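Listed here are the chains, written in short residue letters.
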Amino acid sequence: ATHEWEDVGLNNCAETTIEIDPDVKLEVVEKPTTVTEGDAFSLVLNIVSNVEPGEGTGWVSVIDKTTNTLLKRVGVSLEPEKTIELEVKAPKNPSSSQQYHTIAIQFTGYDMYEANNKQEFALLVKSNLPQPPTTIVGQQLFWALIVVVMIIAVVALAIKTMKHRL
């Protein structure tokens, strides 16, 4: 030993194991911007973790924050990188013909850091009921069609009345 505090019994070598807490990061890779209520749409998610395959599990939930509805929940087994595709049924609009919904996708499970477990995006949900036109030309054509139908109905009623009198 070159110094009195130096220990050469183990040749100055020591092994230490540092436990690293599990971390899972959720990323939305593909998402729609517009859907029709009640129709299925696809989400592609990437799950990146520092967890070895078979060492942890969790759940991915898709939640409509506008209507406070769980749209989909699936169990996943963790591995360093995993891509999953989810088929989700579009939510119903509570009142209007079309409305923006806030969709939250989150991971819960074997993970110590929650900051990167959730992503949100806006989704325009259109009604599946027929809607009146919204452009000026469309509205004019719509009203013109109603007037023509009413004129035909009045003429048909007048002809029917005239036949009964003869």
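Let me begin by describing the structure that accompanies this report.

Definitions and cut-offs
- Residues numbered from 1 in each chain as written.
- Predicted model: local features only at pLDDT ≥ 70, side-chain atom pairs only at ≥ 80, totals over all residues.
- Heavy atoms only, no water.
- Helix = DSSP H or I, 4+ residues; strand = E, 2+ residues; numbered from the N terminus.
- Buried < 20%, exposed > 50% of the residue type's maximum accessible area, 1.4 Å probe, protein only.
- Contact = heavy atoms within 4.5 Å.
- Areas by Shrake-Rupley, 256 points an atom, 1.4 Å probe, with all protein chains shown as cover.
- Pairing = 2+ DSSP bridges.
- Axes fitted to C-alpha atoms, helices over the stretch in contact; angles between N-to-C directions.

## So, the overall build of the protein
Link 1 in the chain: Helix and strand content of the protein: one helix and eight strands.
Link 2 in the chain: Listing each helix as α and each strand as β along the protein from the N terminus yields β-β-β-β-β-β-β-β-α.
Link 3 in the chain: Burial analysis of the protein (166 residues in total) assigns 27% to the buried set.
Link 4 in the chain: Counting contacts in the protein only where the partners sit at least 6 residues apart, residues at least 24 apart contribute 66% of the total.
Link 5 in the chain: For the protein, the computed accessible surface area is about 11,900 Å², with 57% contributed by carbon and sulfur atoms.

## Points about the pairing of strand 8 (residues 118–126)
Link 1 in the chain: Sheet topology places strand 2 (residues 34–36) next to strand 8; three bridges connect them, and they run parallel. Its bridge partner being in strand 8, V35 is matched across the sheet by V125.
Link 2 in the chain: Here nine bridges tie strand 7 (residues 98–109) to strand 8, and the two strands are oriented antiparallel to one another. The residue bridging Q106 from the neighbouring strand is K118, located in strand 8.

## Examining the sheet that holds strand 1 (residues 24–30)
Link 1 in the chain: Pairing within the open sheet is antiparallel, and its three strands lie in the order 1-3-6. The open sheet has two edge strands with one neighbour each: strand 1 and strand 6 (81–89). Going across the sheet, the axis of each strand differs from the next one's by a mean of 30°, ignoring polarity.
Link 2 in the chain: Sheet analysis places strand 1 next to strand 3 (residues 40–49), joined by six bridges and oriented antiparallel.

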